[in-house]
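Chain by chain, the residues run as shown.
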Amino acid sequence: NYSRGLQRAIAAFSQAGEMARAKEVVSRLKELQPDFNEAYVRTTYPFKEPAVMEAYVASLQNAGAFGLHA
């Protein structure tokens, strides 16, 4: 029930190609944090390297965390 942990789990499953598991976690995250969006990630995650941020955002997008690939 820790939304930050769920966000990281989505990214990890997505990057590992475990899309079914990533989408399961997306469902739970949307219950806990229905307003979760890309802007939230970009403003609250302190990645120093832009490439790391882009990879993280892409992994969330690919799993449908922002509602783009549901």
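For the structure, check the block above.
Residues numbered from 1 in each chain as written. Predicted model: local features only at pLDDT ≥ 70, side-chain atom pairs only at ≥ 80, totals over all residues. Heavy atoms only, no water.

## Here's the deal with the packing of aromatic side chains
The geometry of an aromatic ring pair comes down to the distance between the two centres and the angle between the two planes. With the rule as written, the count across this model stands at five aromatic pairs. Ring geometry for Phe36 and Tyr40: centres 5.8 Å apart, planes at 65°, overall edge-to-face. Overall, Phe36 belongs to the buried group, its relative accessible area being 8%. A centroid spacing of 5.7 Å and a plane angle of 10° characterise the contact between Tyr45 and Phe47, whose relative ring orientation is stacked. Overall, Phe47 belongs to the partly exposed group, its relative accessible area being 31%. Three or more aromatic residues joined by ring pairs make a cluster, and in this case those are Phe36, Tyr40 and Phe66. Lying across the ring of Tyr45, Arg4 places its NZ or CZ 3.7 Å from the centre. (Phe/Tyr/Trp six-rings, centres within 6.5 Å; stacked < 30°, edge-to-face > 60°. Buried < 20%, exposed > 50% of the residue type's maximum accessible area, 1.4 Å probe, protein only. Lys NZ or Arg CZ within 6 Å of the ring centre and 35° of its normal.)

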